[in-house]
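# Overview (structure and organization)
Single-letter residue listing:
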Amino acid sequence: MNECINIKTKSSVSVGQNQTGLDFRAVLNDEQYRAVSEGDGPCLVLAGAGSGKTRTVVYRVAYLIGSGVRSDEILLLTFTNKAADEMMGRISELLSGRGEVAGLWGGTFHSIANRLLRLHANRLGFSPSFTILDQDDAKAMIKTCIRESVLDSKENRFPSPAVVQSIASYAKNAMVSISSVLERRYPDFIHLEKDIVGILETYDHKKRNSNAMDFDDLLLHLYFLLSDEADIRRSVAFRFRYILVDEYQDTNALQDSIVRLIASVHGNVLAVGDDAQSIYSFRAANVRNILDFPSHFPGAKQFRLETNYRSTPEILDLANDVISRNVDQFPKQLKAVRPGSSLPRVISMPSAAAEANFIAGKIEELTKDVSIDPHEIAVLFRATHHSQALEFELMKRGLEYEYRGGLRFFERAHVKDVLAFLRLAHNFTDESAWRRVLSFQQGIGEVTSDRIFAAVLASGSLAQALLTPTIESVAGKRAAIGWRDLKEVLDGLVSADGRPADMIRSLLDSSYVSYLNAEYPNARERLEDLGQLASFADGYDSTVDFLAEVALNDALYTKGATSTARNRKNVRRIVLSTIHQSKGLEWDTVFVLHLTGSGFPNQRAFAEPGGLEEERRLFYVAVTRAKQRLFLCYPRRAGFDGGIEYPSMFITEVDKSYLDLPDEESNGVSGSVHLFADPDYDDETIELDESGEIRAVRRRLANWKKGSFLRDV
């Protein structure tokens, strides 16, 4: 929906006429007050990090109600239930529980869609009592559709229900075809397009027959209702005189289209967001929605909230410099309220293990010597596998941490899978390991698993079991493909030289990768985890020692976690989080780890339109989480082979005066040795598009080292 909707702006709120009794000028800064008091018509509030965005939205609603706008004429849209509850609670508290607040339509896009669809469901062929399927229910129904479909028997691995659901979800929210999603996100399954479309058509039929919608259907059906039923669109659009949308930079095509349809009568849309924090394109969020707001809503006013109440001037100087290098943006210059402090520090360490050792040691120093609350310390990272070395170091030191953005490294299913394979290579009688690896083979259920395990034990060894042809007959015809796939994987393990890292890499060159691709929507991230596991295993020559180290440290952490479970509310733990999960949060001290050229930006960003600018926005989000202290860390060697790493372009491209760089002659902790001290470093220059979004990495590094701590070769 790219065309501009003809919107009539009807302004009826007069500045100065307010019955709340609140002194808005006294409680808001000048930037916030302008947005609150002059927010009629289409308005874009560009709210920088830490600038009081929520406060502005809350006071705008209070201002409207105090100016005579009925609360049921106001629509407040958020992205999370937590944000909706917080805003609604603060509005009610601000207005001292005035009765008219109860009529306010506030909630997530999905909850508002649900309310509107209940009123008009019959127009779409549903009854008002329709059921909403949760994720598990939706996957179970898709699984049934797959089972009932006639698929090519030659196809070894068909996408799992979770993958099929992810494909459908992205297509709906981005308003693109299944073909487009497969081409851009799941190229391994392009040849299955016809089967996948057929399954999703069956899935839609089943939902209709069951009078049910899944989560994504709520938005899609609301869009169809508003776009296809002119009388309902007019009724809904007339009802809501004022629309406020939080985090507009996170809207997808479907949500943006819904907002524009509802605003088609009055045109009073207050879109609040920060294009510099648009980091969720993998969920179909589109930064173009906020960037194109002025063209979608001609004559839109713009307000900038640039006063930052969170970070020190030194941190904001760095943040401003970082984001200034993006081309597609609304320029902003954050200004600090807090007093000055130290410059953000760049920490270069010899290896990922040394980086983890530095961070863990610094955390101990801060919590003991400086008396900082552990919960005011966060370690942020671009990808989940970047945290592995630090997690291990924290476990060894007995430092408790809270992990956000998924499971802890050694608790992840794919990591446990690989460890189970290694356990079999070490001890072929390990029943639980056999059960695990057999459970994800095609055609093998519990009964067949029992028969195979008994036959393996009878063979006397893993090597002999792989040579025993009768096991395939024991498995049965249906499970034959699964056993042959597993046998191939185990053959690779047996032929490896016994080093755990080599065994893991043999798994990464086996049919197990096909299983991950078919089973998980985030297979690429899981493979990166396993790459990191292989890198970690490089430190061990013995599989026995490696497995024992992992098991003992994991058991140690589990024991510690269990012993403190009763006092969980009183435990103050440091936070480990992906940067994506950290958005909207803040900490006194922030470490950003693994800031290497190959790790951040993610290398896939170079091939995706706008990818590098989104990665830079992600780095900007990481920087602006810090209130007082910021450490930017990277190892000089990392990856499978301990290859030489260079610092992230996001470090090297900024003005050096905004960073505390290690001294050239300092010790290893401060980072005296760098890639430029290694004559073997000779990476190719990476030239990017002519817009200047991507630059020549090698040339910039060469320029940056002049006058910095980097030594000449």
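Just so it is clear, the structure is predicted and the values come from calculations on it, not from any experiment.

So, on to the pairing of strand β2 (residues 74–78). Most of β2 sits inside the fold, with five of its five residues counted as buried. Side chains Ile74, Leu76 and Thr78 of β2 all project onto a buried face; the interleaved residues Leu75 and Leu77 project onto the opposite face, where all are buried too. Relative to strand β6 (residues 242–245), β2 runs parallel, the two sharing four bridges. Bridged to isoleucine 74 within β6 is tyrosine 242. Strand direction decides the pairing type here: β2 and strand β3 (residues 105–108), joined by four bridges, are parallel. Its bridge partner being in β3, threonine 78 is matched across the sheet by threonine 108.

Evaluated as defined, the whole model comprises four cavities of 30 Å³ or more. Here the largest cavity is characterised by a volume of approximately 60 Å³. Together, Ala352, Glu355, Ala356, His386, Ala389, Leu390, Gln532, Leu593 and His594 line the largest cavity. Here the element with the most residues in the lining of the largest cavity is helix α16 (residues 352–368); it accounts for three residues. Of the residues belonging to the lining of the largest cavity, the class tally is five nonpolar, three polar and one charged.

Bringing the sheet that holds strand β15 (residues 587–592) into the picture now. If you trace the six strands from one edge of the open sheet to the other, you get β11-β16-β15-β12-β14-β13, paired in parallel fashion. Strands at the two margins of the open sheet, each flanked by one partner only, are β11 (345–349) and β13 (401–404). Strand after strand, the sheet turns through a mean of 20° between neighbouring axes, direction not considered.

Looking now at the packing of helix α18 (residues 413–426) against helix α26 (residues 523–537). The N-to-C vectors of α18 and α26 enclose an angle of 45°; their axes lie 9 Å apart at closest approach. The orientation of α18 with respect to α26, classified from their angle, is oblique. Crossing handedness for the pair α18 and α26: right-handed. For the pair α18 and α26, contact is made by Ala413, His414, Val415 and Val418 and by Arg526, Asp529, Leu530 and Leu533, respectively. In terms of residue class, the contact of α18 with α26 is made up of five nonpolar, one polar and two charged.

Moving on, we come to the packing of aromatic side chains. Applying the stated criterion to the full structure yields 21 aromatic pairs. Ring centres of tyrosine 248 and phenylalanine 293 lie 5.7 Å apart, and the angle between their planes is 85°; on these two criteria the pair is classed as edge-to-face. Placement of the pair is tyrosine 248 in the loop between β6 and α12 (253–262) and phenylalanine 293 in helix α14 (residues 293–296), with a sequence separation of 45 residues. Of the residues examined, tyrosine 248 reaches a relative accessible area of 0% and is grouped as buried.

A few words on the UniProt feature "binding site: ATP" (unreviewed entry) in the protein. The feature "binding site: ATP" (unreviewed entry), as given by UniProt, occupies Ala47, Gly48, Ala49, Gly50, Ser51, Gly52, Lys53 and Thr54 in the numbering adopted here. Mapped onto the elements, glycine 50 comes out in the loop between β1 (43–47) and α3 (53–66). Not counting the four nearest positions on each side in its chain, glycine 50 is found in contact with Thr307, Asn308, Tyr309 and Arg310. Looking at the secondary structure, you find glycine 52 in the loop between β1 and α3. Given a relative accessible area of 23%, glycine 52 falls into the partly exposed group.

How each quantity is defined
- Residues numbered from 1 in each chain as written.
- Predicted model: local features only at pLDDT ≥ 70, side-chain atom pairs only at ≥ 80, totals over all residues.
- Heavy atoms only, no water.
- Buried < 20%, exposed > 50% of the residue type's maximum accessible area, 1.4 Å probe, protein only.
- Helix = DSSP H or I, 4+ residues; strand = E, 2+ residues; numbered from the N terminus.
- Pairing = 2+ DSSP bridges.
- 1 Å grid on protein atoms, 1.4 Å probe; cavity = no way out; pocket = protein on both sides within 12 Å on 5 of 7 lines; lining within 4 Å.
- Points joined across faces, edges and corners; volume = space filled by probe spheres on them.
- Nonpolar A, V, L, I, M, F, W, Y, C, P; charged D, E, K, R; others polar.
- Axes fitted to C-alpha atoms, helices over the stretch in contact; angles between N-to-C directions.
- Parallel < 35°, antiparallel > 145°, perpendicular 65-115°, else oblique.
- Left-handed = near helix turned anticlockwise from the far one by under 90°.
- Contact = heavy atoms within 4.5 Å.
- Phe/Tyr/Trp six-rings, centres within 6.5 Å; stacked < 30°, edge-to-face > 60°.
- UniProt positions renumbered as here; feature names shortened; annotations may be inferred.

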